[in-house]
Amino acid sequence: MSTLQLFYGALITPVSLTEYRALPHALLAVSRNTGDIAWLEDDVPAGALQDVLARHGVLAEEVDILELKLGEFLMPGFIDTHIHAPQVPNIGSGQQYELLDWLEHVTFPMEARFSDPDFARLAYTSVIKRTIDYGSTTCCYYGTLHLEGTKVLADVIHKYGQRAFVGKCNMDRNSPPYYIEPSASASLEATRSLITHIRSLPLPSPSPSSSSQRAEPLVRPILTPRFAISCSHELLAGLGAIAAADPTLHIQTHISENESEIAFTKELFPPESLPEPPVPLPSHSGINGAGKGGENGHARGKGKGRGKGTYAGVYDAFGLLRENTVLAHAVHLEEEEVEIIKARGAGISHCPTSNFNLRSGCARIGMLLDRGIKVSLGTDVSGGFSPSILAAVQHASMCSKVVAMEAHAAGRTPPPNTRFTDRQLPVATLLYLATQGGADVCALGTRTGALAPGRAFDALVVSVRSEAGNPATWGVDMDLELGVRDGGKPEEVELESFLERFLFCGDDRNVRRVYVQGRFIGGKEFGV
C-alpha cells in the first residue's frame with residue numbers, strides 16, 4: 001500500500017480574516033505515516049492528473065484517490081473552543097432561565113450525576129460521537145468536578161481519535177452542597193492527577209497500517225477554573241502556581257458572560273484582596289491609567305488601574321491569562337479588560353448561540369478583532385442548544401448584524417481605520433473563526449485550522465448534494481437537473497456559493513467524512 005492517501009476535487013481553506021482559497025481542482029496528499037499533509041497542488045485539470053502524480057513519484061494504480069463529485073469539497077475541520085461535555089444530555093432544557101438560575105436548576109443537577117464513572121462512560125461515548133459527526137475535529141471540553149468521571153471523558157475521546165483539551169472543573173465555593181469540592185487543596189490534587197492521567201495516554205498511530213507514533217498527543221489537559229465565582233482565592237492561587245510551573249499547560253474559563261455574574265465576581269474579589277500579577281503588564285498596554293478608548297471602538301467601562309476591580313483583572317492577578325488561555329463569552333468586557341486580554345495574548349471563544357439563548361447579550365466581536373485579539377467559536381452546550389459549530393457560525397453572523405443595527409440605531413458609524421467594528425461579519429471571517437481562529441486560540445495555529453503542507457490533516461469532506469439528505473440544503477445536482485446552473489459562472493465563485501450553503505443551511509448530514517491527524521474517524525460515511 002502507498003504511504004500516501006490522495007484527495008482530488010474542490011478544496012476550501014482560510015487564509016486570513018478576510019480571505020479564503022477556493023480551489024475547484026485541487027490535489028492533496030496525506031502521509032499515512034504521520035497524518036500530516038505531504039503536498040498540495042492548487043489546480044490539476046483531470047487530463048493532467050497522471051502527469052502531476054508522476055512528478056511526485058506516484059503511480060495512480062498504487063495509491064488510494066478519493067475523487068470528489070460536483071457539490072462536494074474538502075475543508076479544515078471545525079474547532080469548538082468551548083463545550084461542556086456533561087451538559088449535552090440537557091440540550092434544549094431550561095430556556096426560561098438566565099445564567100446563574102440556569103446553573104442552579106438545570107446544569108448542576110445533571111453534572112452531579114457524573115460522579116458515577118459508568119454513567120459518565122455511557123453518556124460521554126454518545127457525546128463524543130456526536131461532536132465528531134458534526135465536524136468538530138478539535139474541542140475544548142469542560143468535564144465535571146469529578147476526577148474519575150473526567151478521566152473517563154479523556155479516555156473516550158482518546159478511543160475515538162478526536163483532538164481535544166480536557167479539563168476537570170475547579171469549584172470549591174458558591175456551588176450547591178451536593179456538587180462542590182471539599183477544599184482548594186483537594187481540587188488542586190485532583191487536577192494534578194488528571195493532568196498525569198491524560199499525559200500518560202498512549203500516542204496513537206495515524207493508521208492501523210503504520211507502526212510509527214506521532215510525537216504530539218491528540219488529547220491534552222487544560223486547567224479549568226469553572227469561573228471566578230466558583231473558586232476561592234486559595235484555589236486560583238494554586239492553579240496559577242500549576243500554570244507557572246508548566247507554560248505548555250492550557251487554561252480555560254469563563255469571563256463576562258452575564259451582568260449578574262460580573263457583579264458577583266467583583267463583590268467576591270475586591271481590588272484590595274488581589275495580589276499583584278506574577279508578570280507585570282507591559283508599560284505600553286495603556287492599562288495603568290484610564291485605558292484607551294477611541295480609534296478602534298470603545299468597549300464598556302473605564303480603566304481602574306492595573307486591571308484590579310475588573311473580571312479579567314481577577315484572572316490576571318493569579319497568572320491565569322496568557323497566550324494559551326481560552327476565555328469563553330466576553331460579552332460585557334470593560335475597556336481595560338480588552339487591553340489586559342490583548343496584552344496577555346489570551347483568546348476569546350465567542351458563543352453566540354448560548355448568549356442569545358440565556359439572554360446574556362451580544363459580544364462585540366468585530367471590535368475585538370480590530371483590536372488584534374484572537375477570536376474563535378464555541379457551541380457552549382448546553383447553554384447553547386446545538387453541538388454543531390455550524391449553529392455557532394449562523395448565530396455569530398446574526399449577532400454581528402444585531403451589533404451593527406444597534407450601532408446604527410444609536411447613531412454610531414464604524415470607527416475609522418477599522419474593518420469589523422459594528423459591522424456584519426463576512427463569510428470569510430466566519431469561516432476563519434470556525435477553523436483557523438480556533439487553532440490560534442488553542443495555540444495550535446501552525447498545526448491545524450487550515451489545509452496546507454506540513455499541517456495535520458484535520459479535515460471534513462462536505463456535500464451539498466441532494467443525496468446528503470438535508471432538506472434545508474438545496475442540492476447542487478438539482479441546479480443541473482432543472483437547468484438553472486450558471487455555466488458561465490467561474491468555478492471558484494460557484495464553489496464559494498457551496499460553502500455559503502453549507503455554513504448557513506448545513507448540518508451533520510452534510511458532513512460526509514471527518515479526519516483527524518489523517519485518520520478517518522467519523523461522518524455519515526463512517527462505518528458504511
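Residues numbered from 1 in each chain as written. Predicted model: local features only at pLDDT ≥ 70, side-chain atom pairs only at ≥ 80, totals over all residues. Heavy atoms only, no water.

> How would you summarise the overall build of the protein chain if you had to cite specific residues and measurements?
In terms of helices and strands, the protein chain carries 16 helices and 17 strands. In terms of overall dimensions, the protein chain is globule-like: its C-alpha atoms have a radius of gyration of 23 Å, near the 24 Å expected for 528 residues. Along the longest, intermediate and shortest principal axes, the C-alpha atoms of the protein chain span 70 × 55 × 45 Å. Contacts spanning at least 24 positions in sequence make up 75% of the contacts within the protein chain whose residues lie at least 6 apart. Counting every atom, the protein chain has about 19,600 Å² of accessible surface; 53% of that belongs to carbon and sulfur. Where the 47 positive side-chain charges of the protein chain centre and where its 60 negative ones centre are 3 Å apart. (Helix = DSSP H or I, 4+ residues; strand = E, 2+ residues; numbered from the N terminus. Rg over C-alpha atoms; globule rule 2.2 N^0.38 Å. Contact = heavy atoms within 4.5 Å. Areas by Shrake-Rupley, 256 points an atom, 1.4 Å probe, with all protein chains shown as cover. Lys, Arg positive; Asp, Glu negative; His and termini not counted. Charge placed at Lys NZ, Arg CZ, Asp CG, Glu CD.)

> Give me the lowdown on the packing of aromatic side chains, citing residues and values where you can.
Using the criterion set out here, one finds 11 aromatic pairs in the structure. Centroid distance Phe108 to Tyr179: 5.6 Å. Interplanar angle 45 degrees. Geometry classified as tilted. Placement of Phe108 in helix α2 (residues 99–112) and of Tyr179 in the loop between β9 (169–170) and α5 (184–199) is noted, with a sequence separation of 71 residues between them. The burial state of Phe108 is the same as that of Tyr179; both residues are buried. (Phe/Tyr/Trp six-rings, centres within 6.5 Å; stacked < 30°, edge-to-face > 60°. Buried < 20%, exposed > 50% of the residue type's maximum accessible area, 1.4 Å probe, protein only.)

> Now, about empty space enclosed by the protein: what can you tell me, with residues and values included?
Where empty space is left becomes clear once a probe the size of a water molecule has been rolled over the atoms. Applying the stated rule across the entire model yields 6 cavities of 30 Å³ or more. Approximately 100 Å³ is the volume found for the largest cavity. In terms of lining, the largest cavity is formed by 13 residues, of which the most central are Leu99, Trp102, Leu103, His254 and Glu257. With 3 residues, α2 is the largest single contributor of residues to the lining of the largest cavity. Looking at side-chain class alone, the lining of the largest cavity contains 5 nonpolar, 5 polar and 3 charged residues. Of the voids in this model, the second largest cavity is the one considered here, and its volume is about 80 Å³. (1 Å grid on protein atoms, 1.4 Å probe; cavity = no way out; pocket = protein on both sides within 12 Å on 5 of 7 lines; lining within 4 Å. Points joined across faces, edges and corners; volume = space filled by probe spheres on them. Nonpolar A, V, L, I, M, F, W, Y, C, P; charged D, E, K, R; others polar.)

> Just give me the short version of the layout of surface pockets, but keep the residues and values in it.
Of the volumes computed, that of the largest pocket is approximately 270 Å³. Around the largest pocket, the lining is made up of 17 residues, and of these Ala10, Pro24, His25, Leu70 and Glu491 lie nearest the centre. Taken together, the elements giving at least two residues each to the lining of the largest pocket come down to β1 (4–16), β2 (19–31) and α16 (491–505). Ranked by residue count, the leading element in the lining of the largest pocket is α16, at 4 residues.

> Describe in detail the pairing of strand β17 (residues 519–522), supporting the description with residues and values.
Direction of pairing for strand β16 (residues 511–516) relative to β17: antiparallel, over a ladder of 3 bridges. Each bridged residue has a counterpart across the sheet, and for Val516 the counterpart in β17 is Arg519. Linking two consecutive strands that pair antiparallel, namely β16 and β17, is a turn of 2 residues; a positive phi of about 50 degrees is found at Gln517 within it. (Pairing = 2+ DSSP bridges.)

> So what about the pairing of strand β15 (residues 459–463)? Which residues, and what values?
Where burial is concerned, most of β15 is hidden: 5 out of the 5 residues are buried. Side chains of β15 alternate between two faces, with Ala459, Val461 and Ser463 and Leu460 and Val462 buried alike. One ladder, built from 5 bridges, connects strand β5 (residues 72–76) with β15; its direction is antiparallel. Across the sheet, the residue bridging to Pro76 is Ala459, located in β15. Where β15 lies against β16, 4 bridges are found, and the strand directions are antiparallel. Bridging across to β16, Leu460 finds its partner in Val514.

> Describe a nonpolar patch on the surface, and please don't skip the residues or the numbers.
A cluster of nonpolar side chains, contributed by Trp474, Leu482 and Val484, occupies part of the molecular surface with about 320 Å² of accessible area. With respect to the helices and strands, Leu482 occurs in helix α15 (residues 476–482). By relative accessible area, which is 51% here, Leu482 ends up exposed. (Patch = residues over 30% accessible without salt bridge, like charges linked within 9 Å, V, L, I, M, F, W, Y side chains within 5 Å. Salt bridge = Lys/Arg side-chain N within 4 Å of Asp/Glu carboxyl O.)

> Which residues make up helix α13 (residues 427–434), and what values go with them?
Of all 8 residues that make up α13, 8 are buried, and the element is covered over most of its length. Within the span of α13, buried status applies to Val427, Ala428, Thr429, Leu430, Leu431, Tyr432, Leu433 and Ala434.

> Lay out helix α12 (residues 389–409) in plain terms, naming residues and giving numbers.
The end-to-end C-alpha distance of α12 is 30 Å, a good match for the 30 Å that 21 residues give at a rise of 1.5 Å each. N-cap assignment for α12: the residue whose side-chain oxygen lies 3.0 Å from the backbone N of Leu390 is Ser388. Note on α12: the residue one or two positions beyond its end, Gly411, has a positive phi of about 80 degrees. (Expected span 1.5 Å × (residues − 1). Polar contact = N/O pair within 3.5 Å; in protein donor to acceptor, adjacent residues only side chain to side chain.)

> How would you explain the pattern of salt bridges if you had to name every residue and give the values?
Within this structure, the stated rule accounts for 26 salt bridges. Asp64 is paired through a salt bridge with Arg32; the nearest N and O atoms lie 2.8 Å apart. Here the residue Asp64 occupies a position in strand β4 (residues 64–67), and Arg32 occupies one in the loop between β2 and β3 (37–41), the gap between them amounting to 32 residues. On the basis of relative accessibility, which here comes to 43%, the residue Asp64 falls in the partly exposed class.

> Requested: an account of the confidence of the model for the protein chain, with residues and values cited.
Per-residue confidence for the protein chain gives a mean pLDDT of 93, with 93% of residues at or over 70. Under a pLDDT of 50 for its full length, residues 206–213 has, in the predicted model, 18 contacts with residues more than four places off or in other chains. The low-confidence segment residues 289–305 (pLDDT under 50) makes 57 contacts with residues lying over four places distant or belonging to another chain. (pLDDT = per-residue confidence, 0-100.)

> For the side chain of Asn355, give the residues involved together with the corresponding values.
Examined against the element boundaries, Asn355 turns out to sit in helix α10 (residues 352–357). Judged by relative accessible area, Asn355 falls into the buried class, the value being 2%. Leave out the neighbours within four places in its chain, and Asn355 touches Glu257, His329, Val331, His350, Ser360 and Gly361.

> Give me the lowdown on the environment of Glu496, citing residues and values where you can.
Along the chain, the position of Glu496 falls in helix α16. Since its relative accessible area comes to 33%, Glu496 is described here as partly exposed. Along the chain, Glu496 and Glu257 lie 239 residues apart, while their C-alpha atoms are 34 Å from each other. With residues near it in sequence (within four places) discarded, Glu496 still touches Tyr20 and Ala22.

> So what's going on with the state of the cysteines? Which residues, and what values?
For the structure on display, the rule yields 0 disulfides. Take Cys351: it sits in no disulfide, and the sulfur closest to it among the cysteines is that of Cys140, at 10 Å. According to the relative accessible area criterion, Cys351 is buried, its value standing at 0%. Cys362 forms no disulfide, and the closest cysteine sulfur to it belongs to Cys399, at a distance of 3.7 Å. (Disulfide = S-S within 2.5 Å.)

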